[in-house]
Amino acid sequence: MQTDSSFTFVLFGGTGDLSMRKILPALFEAHRAGGMLADSGKIVAVARHATDRGEYIQWVNEHVKPHVSKNGVDEAAWASFLERIEFVNIDLGKAEDFVHLRDAIKDLPGIRVFYLATGPSLFVPICHALASVGLNENSRIVLEKPLGYDLKSSNAINDAVGEIFAEEQIYRIDHYLGKEPVQNLLALRFGNALFEPLWRREWVESIQITIAEELGVEARGDFYDNTGALRDMVQNHLLQLLSIVAMEPPHSMDSDSVRDEKLRVLRALKPIDPRDIGKVAVRGQYHSGVIRGTAVPAYATEAGVRPDSTTETFVALKVEIENWRWAGVPFFLRTGKRLADRVAEIVVNFRAVPHSALGASALRAGANRLVIRLQPNETIRLYCLAKQPGEGMNLASVHLDLAFDQFFREGQMEAYQRLLLDVINGRLALFVRRDEQEAAWRWVEPILNEWKASNKPPKPYASGTWGPAASSAMLAQHGTCWLEEEN
Ligand code: BG6
């Protein structure tokens, strides 16, 4: 990918965790690869915890470099990357300080990207301050999640930002959309004639989408305790995956064609009736346990978490989509922290054959199933039935595997790298449009409200397991179970 689009990438929250772990390493990787970033492109870090460029560069060397050294740092590339970095020290709470930012970047060429890697409470003040010095022209703004706490607060942010930036200037990040395997899902569905005719209620019995983590809340206890898994993972990542799995083929891959189709899915989600919540939603909270041989503490004892917290660290849901393609097909979604394995995958369970001419063993052997593993190792596995060797007609489930790293050994790109390049190059397809975000909040909000109103604590589960038993029981009611295979 060659580019000549020059840019000034202004990074608010330049010494924050996200800048350290994701944003600066991704920009470095794009720089190192060569040809992806215009030579004249500059990174302007904005932070208060450093006084001048020298101190900031020292911070970058100490804190960012360790995150780029997976395959050993290319020292020459690192040195030339540092030359791209400028630094401005301003107090984000003081609009008048933004004059210094304007002066620092006014002569830099190309499109301006303002990346708000800050807490959401600063989004609106930063936008106002940028507008007050005319920096909202010829620019793009990148907003990190969480964008709001519910529909109302998300609308308030979007309204305020929308008064200053047009929708096509706003890039709302959902880093799952930048993951290579999620892109591949689009390729699988819309590049192959094989799957699409079967991708519907007539042939699909149920679909599961899991994002399971082994990690706990790490250093984010305070944030997480006010957020919970439904807001942190379901409202965004899981519903985005669901909309890609379930959407109609778009007319093209241009940003609005794809986002229009995803929006249709989000708007077709069957609203959850509060009276049914116990049947279609399970919330859990991790207790102490053992993960890969190491004892880990209970959520309620993590730093920053209230000891009597009722915040959920696990959610399982049964979701239905009210349209012709999917009517009656349950989509089971689940996500949780401190689970038995780190895995993100989509499982499409196909229906059994309508009549088994091959006898009882065919029925026992099950039906076709497609497992799309997004992480940790990207694979697609298609389960088929085959005859067992020997006498008689006994069937067994076997599988065809597609392991991506065997086909494509190079060129994998981290989600943030792809997304940042898209922002710089003005490609919006992988960013969440305001109406998608609203539709997602509208759907999850009744669940949040009902949980709050009922005042019931989440169900406990031991760390290192697959969550509360109620999650498996929910699927058992539909004659199915979660697919839990070893990595
Ligand atoms: C983030 C959540 O959006 O996604 C985190 O805030 C979560 O809580 C993370 O750990 C998971 O992302 P990934 O890419 O590691 O699966």
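The structure contained in this document is the topic of the report that follows. Every value quoted in this text rests on a predicted model; they were computed, and no experiment measured them. (Residues numbered from 1 in each chain as written. Predicted model: local features only at pLDDT ≥ 70, side-chain atom pairs only at ≥ 80, totals over all residues. Heavy atoms only, no water.)

In this section: the nonpolar core. By size, the foremost hydrophobic cluster in this structure holds 122 residues, and its most contacted members are F9, Y115, L239 and F331. Per-element accounting of this core gives the leading share, eleven residues, to helix α9 (residues 228-246). The residues contacting L239, other than those within four sequence positions of it, are V234, L266, L269, L333, A440, W443 and V444. (Core = buried A, V, L, I, M, F, W, Y, C linked by side-chain atoms within 4.5 Å. Buried < 20%, exposed > 50% of the residue type's maximum accessible area, 1.4 Å probe, protein only. Helix = DSSP H or I, 4+ residues; strand = E, 2+ residues; numbered from the N terminus. Contact = heavy atoms within 4.5 Å.)

So, on to the packing of aromatic side chains. Under the definition given, this model contains 16 aromatic pairs. Where F12 meets F114, the ring centres are 6.3 Å apart and the plane angle is 40°; that geometry is what we call tilted. Of the two residues, F12 sits in strand β1 (residues 7-12) while F114 sits in strand β4 (residues 111-116), which places them 102 residues apart along the sequence. The two residues F12 and F114 agree in class, both being buried. Aromatic rings pair up to connect Y224, Y286, Y299, F314 and Y461 into one cluster. Across the ring face of Y149, the terminal group of R231 is positioned such that the distance to the ring centre comes to 3.6 Å. (Phe/Tyr/Trp six-rings, centres within 6.5 Å; stacked < 30°, edge-to-face > 60°. Lys NZ or Arg CZ within 6 Å of the ring centre and 35° of its normal.)

It is at 9 Å that the axes of α9 and helix α10 (residues 255-268) come closest, and there the two elements cross at 110°. Judged on the interaxial angle alone, α10 and α9 are roughly perpendicular. Each of L239, Q240, L242, S243, I244 and A246 in α9 lies in contact with α10, whose residues at this interface are K262, V265 and L266. Classifying every residue of the contact of α9 with α10 by side-chain character gives six nonpolar, two polar and one charged. (Axes fitted to C-alpha atoms, helices over the stretch in contact; angles between N-to-C directions. Parallel < 35°, antiparallel > 145°, perpendicular 65-115°, else oblique. Nonpolar A, V, L, I, M, F, W, Y, C, P; charged D, E, K, R; others polar.)

Attention shifts here to the site of the ligand. K145, H175, Y176, K179, E213, R220, D232, M233, H237, K337 and Q375 make up every residue found near the ligand. Between the ligand and E213 there is a distance of 2.5 Å, counted from an oxygen atom to a side-chain nitrogen or oxygen. For the ligand, the accessible surface in isolation is 400 Å², of which the surrounding protein chains cover 79%. Broken down by element, the residue count for the shell around the ligand peaks at three residues, all from α9. Among the residues forming the shell around the ligand, the class breakdown is two nonpolar, three polar and six charged. (Near = heavy atom within 4 Å. Polar contact = N/O pair within 3.5 Å; in protein donor to acceptor, adjacent residues only side chain to side chain. Areas by Shrake-Rupley, 256 points an atom, 1.4 Å probe, with all protein chains shown as cover.)

This part takes up the packing of helix α7 (residues 180-191) against α9. It is at 10 Å that the axes of α7 and α9 come closest, and there the two elements cross at 15°. It follows from the interaxial angle that α7 and α9 lie roughly parallel. In terms of crossing hand, the pair formed by α7 and α9 is right-handed. Every residue of α9 that contacts α7 at V182, L185, L186 and R189 is listed here: L241, I244, V245 and A246. Taken together, the residues of the contact of α7 with α9 sort by class into seven nonpolar, no polar and one charged. (Left-handed = near helix turned anticlockwise from the far one by under 90°.)

Looking at the element boundaries, E436 is found in helix α15 (residues 434-454). Of note is the side chain of E436, whose polar atom sits 2.9 Å from the backbone nitrogen of R433. When neighbours within four sequence positions are excluded, E436 is seen to be in contact with Q240, R259, K262, L263, L266 and F431.

Turning next to the sheet that holds strand β6 (residues 170-172). Picture the strands of a sheet paired through backbone hydrogen bonds; they go either parallel or antiparallel. Read from one edge of the open sheet, six strands run β3-β2-β1-β4-β5-β6, paired in parallel fashion. Each edge of the open sheet is held by one strand with a lone partner, namely β3 (85-88) and β6. Across the sheet, the mean angle from the axis of one strand to that of its neighbour is 20°, orientation sign disregarded. Against the sheet, helix α2 (residues 53-64) makes contact with β2 (42-46) and β3, and its axis sits at roughly 120° relative to β3, the strand it touches most. (Pairing = 2+ DSSP bridges.)

Attention now moves to the environment of D308. For D308, the location among the structural elements is in the loop between β9 (294-296) and β10 (314-319). On the basis of relative accessibility, which here comes to 63%, the residue D308 falls in the exposed class. Sequence separation of D308 and P457 is 149 residues, and the distance between their C-alpha atoms is 9.6 Å.

Before going further, it helps to examine empty space enclosed by the protein. It is the rolling of a water-molecule-sized probe over the atoms that shows where space remains empty. Under the defined criterion, the tally for this structure stands at two cavities of 30 Å³ or more. Estimates place the volume of the largest cavity at around 50 Å³. As for the largest cavity, its lining consists of L177, Q183, L186, I244, V258, K262, A429 and L430. Elements supplying a minimum of two residues to the lining of the largest cavity: α7 and α10. Classifying every residue of the lining of the largest cavity gives six nonpolar, one polar and one charged. (1 Å grid on protein atoms, 1.4 Å probe; cavity = no way out; pocket = protein on both sides within 12 Å on 5 of 7 lines; lining within 4 Å. Points joined across faces, edges and corners; volume = space filled by probe spheres on them.)

Once that is clear, we can look at the pattern of salt bridges. Enumeration over the complete set of coordinates arrives at 35 salt bridges. Here R102 and D103 are joined by a salt bridge, their closest N and O atoms 3.6 Å apart. For R102, a relative accessible area of 30% puts it in the partly exposed group. Look at D103 and you get partly exposed, because its relative accessible area is 37%. Residues D225 and R306 are paired through a salt bridge, measuring 2.7 Å at the closest nitrogen-oxygen approach. Taken together, the residues D225 in helix α8 (residues 221-225) and R306 in the loop between β9 and β10 connect sequence positions 81 residues apart. Residue R306 is classed as partly exposed on the basis of its relative accessible area of 41%. (Salt bridge = Lys/Arg side-chain N within 4 Å of Asp/Glu carboxyl O.)

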